[in-house]
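# A look at the structure
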Amino acid sequence: QVQLVESGGGLVQAGGSLKLSCAASGRTFSVYAMGWFRQAPGKERDFVAAIRWSGISTYYADSVKGRFTISRDNAKNTVYLQMNSLKPEDTAVYYCAASLNNYYEYRRASVFDYWGQGTQVTVSS
């Protein structure tokens, strides 16, 4: 079992920044990769970014590339999502996820095994 707890969400004006954190506990030694997804009201859960626990590879959705940065602190078992130049369309509940398997890449929700409870990000225009 891996437990994930997100924090850092909130309300910000367009153009502003937020940094999300996801603290992992439990069988963290089994984690291959961590990711962030988001879900807006009435929409599907979409991929945002992912990172291999080794830090060698990162993956981004086209919609956030150049604005968001995913990083990890292995010592703290924590993954971060730095979000800059936020837009109203970034408004969503952001979920952290952990994968216990070694895949070619990590863009699909189906490759992740554990999920956090989510944190709300609201960007006002």
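Up top is the structure.
Below is a short write-up of the structure. What you see is a predicted model; the values in this text were computed from it and never measured.

### Observations concerning the pattern of salt bridges
- Scanning the model with the defined rule gives four salt bridges in all.
- Here K65 makes a salt bridge to D62, at a shortest N to O gap of 3.3 Å.
- Salt-bridge contacts for R67 lead to D90; the nearest nitrogen and oxygen are separated by 2.8 Å. In this pair, R67 sits in the loop between β6 (58-60) and β7 (68-73) while D90 sits in the loop between β8 (78-83) and β9 (92-99), placing the two residues 23 residues apart along the sequence.
- Connected via shared salt-bridge partners are R38, R67 and D90.

### As for the environment of G118
- Note on placement: G118 falls in the loop between β10 (114-115) and β11 (119-124).
- Judged by relative accessible area, G118 falls into the buried class, the value being 16%.
- The spacing of G118 and W36 is 82 residues in sequence and 9.8 Å in space, taken between C-alpha atoms.
- Each residue touching G118, except ones within four places of it in the same chain, is listed here: E6, V93, Y94 and Y95.

### Brief notes about the packing of aromatic side chains
- If you walk through the whole model with that rule in mind, you get seven aromatic pairs.
- Connected via pairs of aromatic rings, a cluster forms that spans F37, F47, Y59, Y103, Y106, F112 and W115.
- Against the face of Y95 rests R45, its NZ or CZ located 3.7 Å from the ring centre.
- Over the aromatic face of W115 sits the side chain of R45, whose NZ or CZ is 4.9 Å from the ring centroid.

### Details of the sheet that holds strand β1 (residues 2-7)
- Read across the open sheet, the four strands follow the order β1-β3-β8-β7; overall the sheet is antiparallel. Lying at the two open borders of the sheet, with one neighbouring strand each, are β1 and β7. Here the average twist between neighbouring strands, direction ignored, is 15°.
- Two strands pair when backbone bridges link them, and β7 and β8 are joined in this way by six bridges, in the antiparallel orientation. Pairing of T69 across the sheet is with Q82, part of β8.

### Some thoughts on the pairing of strand β4 (residues 33-39)
- Counting buried positions over the seven residues of β4 gives six, a clear majority of the element.
- As judged from the seven bridges shared by β4 and strand β5 (residues 45-52), these two strands associate in the antiparallel manner. In the sheet register, A33 faces β5, and the bridge partner there is R52.
- In this structure, the hairpin formed by β4 and β5 is closed by a connection of five residues, where G42 is found at a positive phi of approximately 75°.
- Pairing between β4 and β9: seven bridges, direction antiparallel. Counterpart to F37 in the pairing with β9 is Y95.

Conventions adopted
Residues numbered from 1 in each chain as written. Predicted model: local features only at pLDDT ≥ 70, side-chain atom pairs only at ≥ 80, totals over all residues. Heavy atoms only, no water. Salt bridge = Lys/Arg side-chain N within 4 Å of Asp/Glu carboxyl O. Helix = DSSP H or I, 4+ residues; strand = E, 2+ residues; numbered from the N terminus. Buried < 20%, exposed > 50% of the residue type's maximum accessible area, 1.4 Å probe, protein only. Contact = heavy atoms within 4.5 Å. Phe/Tyr/Trp six-rings, centres within 6.5 Å; stacked < 30°, edge-to-face > 60°. Lys NZ or Arg CZ within 6 Å of the ring centre and 35° of its normal. Pairing = 2+ DSSP bridges. Axes fitted to C-alpha atoms, helices over the stretch in contact; angles between N-to-C directions.

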